[in-house]
Structure formats: C-alpha cells, structure tokens
Amino acid sequence: MYRVDLADKVGLVMGVANERSIAWAVARILDQAGAGLALVYQNDRVKPYVEGLAAQLRRAEVQACDVTEDGQIAALFARLKEKWGRLDFLVHSIAFAPATELGGEFLATSRAGFREALDVSAYSLIPLARGAAELMQGRGGAMVALTFQASERVFPGYNVMGTAKAALEHIVRQLAYELGPHGVRVCGLSSGPVRTLAARGIPGFPEMLKSHEERAPLKRNITHDEVAKAVVFLVSDLASGITGEILHVDAGYHIMGV
Ligand code: NAD
Ligand code: 0WE
C-alpha cells in the first residue's frame, strides 16, 4: 500500500491485454490509491480477460477502443463524458508493429509496416489527448505514455518501433507545450525491459534481460510494479511541477556508457 491519495480522481488506463500487461500493473496501483478507472482494451479477443481483471478492482469498469479508428476514439470519450463528465488522467500503454517488421533488417521496413507502427504506437496519443483534454478543461490533469529507450539508442531488431517511440516522445513534448496553459501535464515513462505479451517471442529478449541486469547500476531488472508506481507518481499531485519529461524507470541502465 502506498500513501498517494487519488480518491477524488478518475482516469483512463489504455492497453490492458492480460495480467502481464504493464497497464494492468498501473491499474492495480492506481486502484490501491483510490482512483476510479476505465480500463480500455483493443477488441473482443482480449475483452474476457480484461473484464475478469477489472472485477478484481474496487472502482473499475471496462471500455473498448481500437485506437486506429477515429470513430471508436470519439465513442470512447462520448461514453466517458456521460459517465463522469470529467477526466483527471490518461495512461497510454499501447504499441504495435507487424511482426514482420521486428527482428529482421531495419532497411527492409515496409511503407505499410511503418504506417501501422507509427499510427498505433505514436499518432494515437494525439487524438486521445484531444479527447482527454476536453474532459480536463478548467481543472487540469495529467497524461503518461509508455516508451522505451530504443527511441534514443539502437536496440537491434526493435527497428521501426524505435522510430515510433522517437515520434511518441516528441508528441509528448509538443502536447506538453500546448496543454500546459490549461494545467494539463504530459509525460513519457521510459521502461526497462519487462516480461509481457509484447515482449514474449521477441528473439533475444532473455539475453536483453540478462544484459540489463548486468549493466544497470541497480544490477537487476525492474518490476511491473516499479513502472506502475512511477506512473502513479506522474499522474499525482506529487508531480505537479513536471511536464514534457521522459522519466526512465530502468534501474539506471540509460546512464551507462559501457
Ligand atoms: P502488452 O502487449 O500487454 O500491451 C500492449 C497493448 O497495446 C495491448 O493491450 C494491446 O491490446 C494494445 N494495442 C495494440 N494495438 C492496439 C490498438 N490498435 N488499439 C488499442 N490498443 C492496442 O505489452 P506491454 O509490454 O505491457 O506494452 C505496453 C507499453 O509498454 C507499450 O507502449 C510498450 O511499447 C511499452 N514498453 C514495454 C516494455 C517491455 O519490455 N515490455 C518496455 C518499455 C516500454
Ligand atoms: O515495446 C515493446 C514491444 C512492442 C511490440 C511487440 C510486438 C510483438 C508482437 C510491438 N509490436 C509487436 N508486434 C507483434 O506482432 N517492447 C519494449 C518490448 C520489446 O520488443 C522488442 C524488443 C523489446 C525490448 C523487439 C525487438 C527487440 C527488442
């Protein structure tokens, strides 16, 4: 149990697929802090899992939204407007690139793969921020997007997802600038590698965890809950002076040269 009190806040946690999703760890810690939540899932394939997870929380319900569909984004915010009439925070924990774009040569990146990766993993934050900011009007709020250090450095095989994360982090800064005057903060959270659905089956992922453990100053990998705690910090009033920032939760890995 942590002492951050979010009992008077309601927010969206987007990107829950299963119990290993970073978004699920975030939802649990936000729930412990007392926040009211809408867990947003992509489609019917993951719906039963997400409904089962939401049932374990105190004040959570589920909403569907495929972020590649403008109509679904509009419908999501229309439902939230009716339900809460306001919004205090949004957590974006969504990424996708076609499997054919990961692991091979970056030189082989297709136009269609580039479009899809950038659309889902980066562009989506813009219309979501637009919808969320409208519900935050007058009272302020906070948004946090999950990112990865491959936006700044080369992680072989991450390929066009690195391009997408670089775009996502730029979008964070641009939105922080435009929404700042409305009291809305926008930050990125750059997580070290953690075992999730999105990391499973990535060739070389176990080796990456091992190298992270050896090279990071804390000499270990990070946990889902450590990422989640930092998200809760960023959406809470404890972070009231922070916006446009990309916070690394990676056991210090990013500071190392060799
Ligand atoms: P995950 O597979 O559990 O989460 C990814 C989510 O994206 C899933 O819930 C999936 O349904 C959702 N999604 C994909 N396409 C979508 C669409 N069109 N519309 C709506 N939702 C869609 O894996 P995760 O590791 O929890 O990933 C969450 C975030 O964390 C991603 O942004 C990822 O890049 C980031 N991240 C992960 C790691 C890691 O090592 N796992 C490290 C750093 C950052
Ligand atoms: O952001 C991610 C993974 C995002 C991801 C994962 C998949 C797998 C299934 C995006 N799209 C897809 N598409 C699929 O079809 N991570 C930070 C985890 C990750 O992914 C890597 C990594 C790491 C770390 C891919 C290559 C190299 C390292």
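Above: the structure in question.
Notes on the structure follow. Just so you know, these numbers come straight off a predicted model, no measurement behind them. (Residues numbered from 1 in each chain as written. Chains lettered and ligands numbered in written order. Predicted model: local features only at pLDDT ≥ 70, side-chain atom pairs only at ≥ 80, totals over all residues. Heavy atoms only, no water.)

**As for the packing of aromatic side chains**
Going through the model one piece at a time under the given rule, you end up with two aromatic pairs. A connected cluster of aromatic rings, assembled from ring pairs, spans Phe148, Phe155 and Tyr158. (Phe/Tyr/Trp six-rings, centres within 6.5 Å; stacked < 30°, edge-to-face > 60°.)

**So, the nonpolar core**
Core analysis: the largest hydrophobic core is formed by 46 residues, its most contacted members being Val13, Leu30, Leu37, Leu39 and Leu189. Mapped by element, the contributors of at least two residues to this core are α1 (22-32), β2 (36-41), α2 (47-54), β4 (89-92), β5 (141-147), β6 (184-191) and α8 (224-235). With sequence-adjacent residues up to four places away left out, leucine 37 is seen in contact with Gly11, Val13, Ala27, Leu30, Asp31, Leu57, Arg59, Ala60, Glu61, Trp84 and Phe89. Leu12, Ile94, Leu128 and Ala164 belong to the second-largest nonpolar core, a separate cluster that totals 39 residues. (Core = buried A, V, L, I, M, F, W, Y, C linked by side-chain atoms within 4.5 Å. Buried < 20%, exposed > 50% of the residue type's maximum accessible area, 1.4 Å probe, protein only. Helix = DSSP H or I, 4+ residues; strand = E, 2+ residues; numbered from the N terminus. Contact = heavy atoms within 4.5 Å.)

**Regarding the site of ligand 2**
Close to ligand 2 lie Phe96, Ala97, Ala99, Leu102, Phe148, Pro156, Gly157, Tyr158, Ala198, Ile202, Phe205 and Met208, which account for all nearby residues. A distance of 2.7 Å separates a nitrogen atom of ligand 2 from a polar atom in the backbone of alanine 97. Bound to the protein, ligand 2 loses 83% of the 600 Å² it would expose on its own. (Near = heavy atom within 4 Å. Polar contact = N/O pair within 3.5 Å; in protein donor to acceptor, adjacent residues only side chain to side chain. Areas by Shrake-Rupley, 256 points an atom, 1.4 Å probe, with all protein chains shown as cover.)

**Some words on α1**
Summarising burial for α1: nine of the 11 residues are buried, a large majority. Those residues of α1 that fall on the buried side of the exposure criterion are Ile22, Ala23, Trp24, Ala25, Val26, Ala27, Ile29, Leu30 and Asp31. Looking one or two places after α1, you find glycine 34, whose phi comes out positive at around 95°.

**Concerning the pattern of salt bridges**
By the definition in use, this model includes eight salt bridges. Note that arginine 58 and aspartate 31 form a salt bridge whose closest N and O atoms lie 3.8 Å from each other. Of this pair, arginine 58 sits in the loop between α2 and β3 (60-64) while aspartate 31 sits in helix α1; the two residues are 27 residues apart in sequence, bridging distant segments of the chain. The salt bridge partner of glutamate 214 is lysine 210, with a shortest N-O separation of 3.2 Å. Linking glutamate 214 with lysine 210, this pair stays in helix α7 (residues 205-215), spanning four residues, or about one helical turn. Several salt bridges converge on common partners, so that one network encompasses Arg86, Asp88 and Arg139. (Salt bridge = Lys/Arg side-chain N within 4 Å of Asp/Glu carboxyl O.)

**Re the packing of helix α3 (residues 70-83) against helix α5 (residues 125-136)**
Helix packing for two helices is described by the angle between their axes and how far apart those axes are. One can describe the packing of α3 onto α5 by two numbers: an axis separation of 10 Å at closest approach and a directional angle of 15°. As judged from the angle between their axes, α3 and α5 are roughly parallel. Note on packing geometry: the crossing formed by α3 with α5 is right-handed. Residues Ile73, Phe77, Leu80 and Lys81 of α3 touch α5, and the partners they reach there are Pro127, Leu128, Gly131, Ala132, Glu134 and Leu135. Its residues assigned to classes, the contact of α3 with α5 comprises seven nonpolar, one polar and two charged. (Axes fitted to C-alpha atoms, helices over the stretch in contact; angles between N-to-C directions. Parallel < 35°, antiparallel > 145°, perpendicular 65-115°, else oblique. Left-handed = near helix turned anticlockwise from the far one by under 90°. Nonpolar A, V, L, I, M, F, W, Y, C, P; charged D, E, K, R; others polar.)

**Considering the side chain of arginine 185**
Assignment of secondary structure puts arginine 185 in strand β6. Separated by 2.7 Å, the side chain of arginine 185 and the backbone oxygen of leucine 234 make a polar contact. Those residues in contact with arginine 185 that sit more than four places away from it in its chain are Gly141, Ala142, Met143, Leu234, Val235, Ser236, Ala239, Ser240, Ile242 and Thr243.

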